[in-house]
Amino acid sequence: MTTVLSASDLTKRFGSFTAVDGISFNVGKGECFGFLGPNGAGKTTTMRMITNHLPVTEGSLSVLGMQVMANARKVKARIGVVPQENNLDTDLKVLDNLLIYSRYHGIPMKEARKRALQLLEFFQLADHVKSPITQLSGGMQRRLLIARALINEPELLILDEPTTGLDPQARHVIWQKLRQLQSQGVTLILTTHYMDEAQQLCDRLVIMDHGRILIEGSPRDLITKHAGNEVVEIRLRDDEDRESCLDAIGGMIPEGTEVECSADTLYLYSPDATKVLTGLALDSNRTILHRRATLEDVFLRLTGRDLRE
Amino acid sequence: MSEPASTGRPMLIRKGERLLGNLSLRAFTVWYRDIKVWTKFYKASILGNLGEPLLYLLAMGWGLGRMVGTVNGIPYIEFLAPGLICSAAMYAATFECTFGSFTRMTRQSTFDAILATPVSLEDIVAGEILWGGTKGFLSGTAMLLVMSLFGLVNSFWAVLALGLAFLIGLLFASLSMIVTARAPSYDFFSYYFTLVIAPMFLFSGIFFPVTNLPGWAQTFSWFLPLTHGVDISRALFTGNVDWSIFADLLWLTVFSVLFFTVAVREIRKRIIL
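Residues numbered from 1 in each chain as written. Chains lettered and ligands numbered in written order. Predicted model: local features only at pLDDT ≥ 70, side-chain atom pairs only at ≥ 80, totals over all residues.

S.K.: Would you take a moment to explain the overall build of chain B for this structure?
M.R.: A count of helical and extended segments in chain B gives nine helices and two strands. Taken over C-alpha atoms, the radius of gyration comes to 20 Å for chain B, in line with the 19 Å a tight globule of 273 residues would show. On the principal axes, the C-alpha backbone points of chain B span a range of 75 × 40 × 35 Å. The buried share of chain B, reckoned over its 273 residues, is 47%. Considering only intrachain contacts with a sequence separation of at least 6, the fraction spanning at least 24 residues in chain B is 80%. (Helix = DSSP H or I, 4+ residues; strand = E, 2+ residues; numbered from the N terminus. Rg over C-alpha atoms; globule rule 2.2 N^0.38 Å. Buried ≥ 20, exposed ≤ 12 C-beta atoms within 10 Å, placed from the backbone. Contact = placed C-beta atoms within 7 Å.)

S.K.: Help me out: how do you make sense of the overall build of chain A in this one?
M.R.: Helix and strand counts for chain A stand at 11 helices and 14 strands. With the C-alpha coordinates of chain A rotated into their principal frame, the extents come out at 75 × 45 × 35 Å. Residue pairs at least 24 apart in sequence account for 69% of intrachain contacts in chain A once pairs closer than 6 positions are excluded.

S.K.: Please explain the domain arrangement of chain A as it appears in this structure.
M.R.: Often, the extent of an interface is quoted as the loss of accessible area upon association of its parts. Domain boundaries in chain A define domain 1 (3-223) and domain 2 (229-292). Taking only C-alpha atoms into account, the centre of domain 1 of chain A sits 40 Å from that of domain 2 of chain A. (Domains from an automatic or database assignment.)

S.K.: Before we go on, may I ask you to explain the sheet that holds strand β13 (residues 265-270) of chain A in this structure?
M.R.: Within a beta sheet, neighbouring strands are joined by backbone hydrogen bonds and run either parallel or antiparallel to one another. Residues and elements named next belong to chain A. In spatial order, the strands read β12-β13-β11-β14; together these four strands make up an open sheet with antiparallel pairing. The strands lining the two open edges of the sheet, one partner per strand, are β12 (258-261) and β14 (288-292). Mean inter-strand twist for the sheet, computed between neighbouring axes without regard to direction, equals 20 degrees. Two strands pair when backbone bridges link them, and strand β11 (residues 230-235) and β14 are joined in this way by five bridges, in the antiparallel orientation. Bridge pairing in β14 places Val232 opposite His290. (Pairing = 2+ DSSP bridges. Axes fitted to C-alpha atoms, helices over the stretch in contact; angles between N-to-C directions.)

S.K.: Could you clarify how one ought to interpret the pairing of strand β6 (residues 79-82) of chain A in this entry?
M.R.: The side chains of a regular strand alternate between both faces of the sheet. Residue and element names in this part refer to chain A. Alternating positions in β6 separate into two faces, Ile79 and Val81 on one and Gly80 and Val82 on the other, with burial throughout. Alignment of β6 against strand β7 (residues 156-160), held across four bridges, turns out to be parallel. Opposite Gly80, over in β7, you have Leu157 as the bridge partner.

S.K.: It is not clear to me how the nonpolar core should be interpreted in this structure. Could you clarify?
M.R.: Generally speaking, nonpolar side chains in soluble globular proteins are found buried as a group. Counting residues in hydrophobic clusters, the biggest one holds 162 residues, and the most contacted among them are Ile158 of chain A together with Ile129 and Ala263 of chain B. The biggest single contributor to this core is helix α2 (residues 76-105) of chain B, with 18 residues. Composition of this core by domain shows at least three residues from each of domain 1 (3-223) and domain 2 (229-292) of chain A. (Core = buried A, V, L, I, M, F, W, Y, C linked by C-beta atoms within 7 Å.)

S.K.: Please explain the interface of chain A and chain B as it appears in this structure.
M.R.: With 33 residues of chain A at the contact, the number on the chain B side is 26 residues. Every element with two or more residues in the side of chain A that touches chain B is listed here: β4 (58-63), α2 (72-78) and α3 (94-104) of chain A. When residues of the side of chain A that touches chain B are assigned to their parent elements, the largest contribution, five residues, is made by α3 of chain A. Within the side of chain A that touches chain B, the residues separate by chemical class into 14 nonpolar, 11 polar and eight charged. (Nonpolar A, V, L, I, M, F, W, Y, C, P; charged D, E, K, R; others polar.)

S.K.: What am I meant to see in the pairing of β12 of chain A here?
M.R.: Residue and element names in this part refer to chain A. Alignment of β12 against β13, held across four bridges, turns out to be antiparallel. When the bridges of β13 are listed, Glu260 appears paired with Tyr267. Two successive antiparallel strands, β12 and β13, enclose a turn made up of three residues.

S.K.: Any chance you could explain the sheet that holds strand β10 (residues 212-217) of chain A here in plain terms?
M.R.: Residues and elements named next belong to chain A. With mixed pairing, the six strands of this open sheet are ordered in space as β6-β7-β8-β3-β9-β10. Looking at which strands have only one partner, the edges of the open sheet turn out to be β6 and β10. Put simply, the sheet's adjacent strands are angled 15 degrees from each other on average, direction ignored. Note: strand β3 (residues 32-36) against strand β8 (residues 187-192), five bridges, orientation parallel.

S.K.: What is the right way to read the packing of α2 of chain B against helix α8 (residues 225-238) of chain B from this model?
M.R.: Angle between the axes and distance between the axes are the two parameters that describe a pair of packed helices. Residues and elements named next belong to chain B. α8 packs onto α2 with a crossing angle of 135 degrees between their chain directions and a minimal axis gap of 8 Å. In terms of orientation, α2 lies oblique with respect to α8. For the element pair α2 and α8, the recorded crossing hand is right-handed. Along the contact surface, α2 presents Ala81, Pro82, Gly83, Ile85, Cys86, Ser87 and Met90, while α8 presents Leu226, Gly229, Val230, Ser233, Arg234, Leu236 and Phe237. When its residues are assigned to classes, the contact of α2 with α8 shows nine nonpolar, four polar and one charged. (Parallel < 35°, antiparallel > 145°, perpendicular 65-115°, else oblique. Left-handed = near helix turned anticlockwise from the far one by under 90°.)

S.K.: Can you walk me through the environment of Asp123 of chain B in this structure?
M.R.: Residues and elements named next belong to chain B. Examined against the element boundaries, Asp123 turns out to sit in helix α4 (residues 121-149). Each C-alpha atom, one on Asp123 and one on Phe28, is 7.9 Å from the other, the two residues being 95 residues apart in sequence. Residues in contact with Asp123, not counting those within four places in the same chain, are Leu23, Ser24, Arg26, Ala27 and Val30.

S.K.: How should I be thinking about unusual backbone geometry in this particular structure?
M.R.: Of all residues except glycine, most have a negative phi; of all peptide bonds, most are trans. Residue and element names in this part refer to chain A. Despite not being glycine, Leu64 shows a phi value in the positive range, around 55 degrees. Secondary-structure assignment places Leu64 in the loop between β4 and β5 (66-67). Notably, Met69 is not glycine yet its phi reads approximately 65 degrees, a positive angle. By the secondary structure assignment, Met69 is in the loop between β5 and α2.

S.K.: Looking at this structure, I do not really get the packing of α2 of chain B against helix α5 (residues 161-182) of chain B. What am I missing?
M.R.: Two elements in contact, α2 of chain B and α5 of chain B, have axes separated by 8 Å at closest approach and are oriented at 35 degrees. Like other packed secondary-structure pairs, α2 of chain B and α5 of chain B cross with a definite hand, here right-handed.

S.K.: Sorry, what's going on with α5 of chain B here?
M.R.: Residues lying three or four places apart along an α-helix face the same way, a consequence of the helix completing one turn every 3.6 residues. Relative to the 32 Å expected for 22 residues at 1.5 Å per residue, α5 of chain B spans 31 Å between its end C-alpha atoms, a close match to the ideal helical length. Counting buried positions along α5 of chain B gives 19 out of 22 residues, so the element sits mostly inside the fold. (Expected span 1.5 Å × (residues − 1).)

S.K.: What should I look at first to understand the environment of Arg33 of chain B in this one?
M.R.: Residues and elements named next belong to chain B. Following the sequence through the fold, Arg33 ends up in helix α1 (residues 27-68). Arg33 gets classed as buried once you count the C-beta atoms within 10 Å, which come to 26. Along the primary structure Arg33 and Trp131 are separated by 98 residues, whereas in three dimensions their C-alpha atoms are 9.4 Å apart.

S.K.: Quick question: what am I supposed to make of helix α4 (residues 109-122) of chain A here?
M.R.: All names here are of chain A. Taking 1.5 Å as the rise per residue, α4 with 14 residues should run 20 Å; its terminal C-alpha atoms sit 20 Å apart, in good agreement. Along α4, the positions that sit buried rather than exposed are Ala112, Ala116, Leu119 and Leu120. Buried residues of α4, seen end-on, are gathered within an arc of 100 degrees and therefore sit on one face of the element. With respect to the buried face of α4, the exposed residues turned more than 90 degrees away are Lys110, Glu111, Lys114 and Glu121. Remark: Gln124 follows α4 within two positions and exhibits a positive phi of approximately 55 degrees. (Arc of directions from axis to C-beta.)

Laid out in structure tokens, this is it:
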């Protein structure tokens, strides 16, 4: 597979603060590659180095075979950027947003108009060609941001939290459009807080924390490896802690099961939860939940359950 | 294809690259964007830029002019008019590249959006300053039209004042971009207007000949860009054009380039960490 993006020992420091701490990864052509991590993990900083907004402090970062910053114009001509903060041009209407952006890319006007109308159609915005930006809903603005990022027909699309703050309908439309783009051969790199989004879209992903990459792999492999296949959640009673709860349920936990305890819940991660359940002495009024393991389990196990603000 | 990895120091300007090495004609796409937006509000915008200098012209020219009579042998209102074209250009460019550019740089994140395209930071700053110059030109044009309606334009040389208004616009747009780069918030601009622009307006020879001032104040006045603009404009309006205006022109050009260079550096420091 052709490598579209390659980072090695990539580091970004702001003064004495290290936002990205020597990360290495490769993204192949046509892949959807995800960055997961709590707030402050370094995801956005990484994206902004890829998009040539921030200079690299140390290490190397090559996009489409070119080092960033030194080749900023050439790199930016071939990538599309969907920023976390909506930065549509509120002084301009919907179509003009795309047409003026085409000028920045040096696309001839006739071609620009054709592409803009096609993109508005594709993103179900064709009825809003003349609308002011402020009249669009959050979902529509986000779709327009993605449309704008595609105006130069990029080989690589960078999306920083593409669906944060959107309602489920709007998120599903965006996911479907992104899958469609990927099937047309566009390479996608995205950051997200949503595990379901990562599971839906990403072929491979990394989980970052404190500027470092903790793990890398396909969603399925990561789940199997770090959270087993299934999870049994047992809610603790008011007077219980981990040990007393384990005592109460009999403690007959099969080998290969991992036990974790948060403030009010005991988590049993296992390849086969049915076996776990049959071994336990569970009375009928205890709250338990038996479910498949998800990426969220992996995420919380790796980055902890403390709040990040 | 591999190139040397970047160095450890924060790169304001990379080695071997000149400060303005990233400047290109794409600056005009930024300029075009601003024009496009302006065409939606141009009536309010022209009225805003024209209103104040016009009021000064009428109030001072008619009211004060009656008491003053003539200055250097010309009626006071005709003495005043050429200077007010310059201040109109100054104010138009200054408002544009302080409040306008600051809004695009911060609240609207317009610069950030443009930086994701092949347009460079230098192009953005140049485009904004070109637009500031254009605003100066537009205000100058509106003023010149009104003045000719009042019969205050007696020399064909006065048409060149439009070019001068553009140059004054460029200079003050550049200076304003430096202030914008350093401004923590909109409030900061009131210092700039009070401490820099207002003295410029009052002591650059618009309302009275600079030679009326004490010697040290005349020296101070020489350092005000607008003084040189007013000198040129007055020469064009009276038709007394001689070689001395080239010295003023050179002054304005040199400082425009200087301020532009500093503006690029300061904006870079502000938005590329």
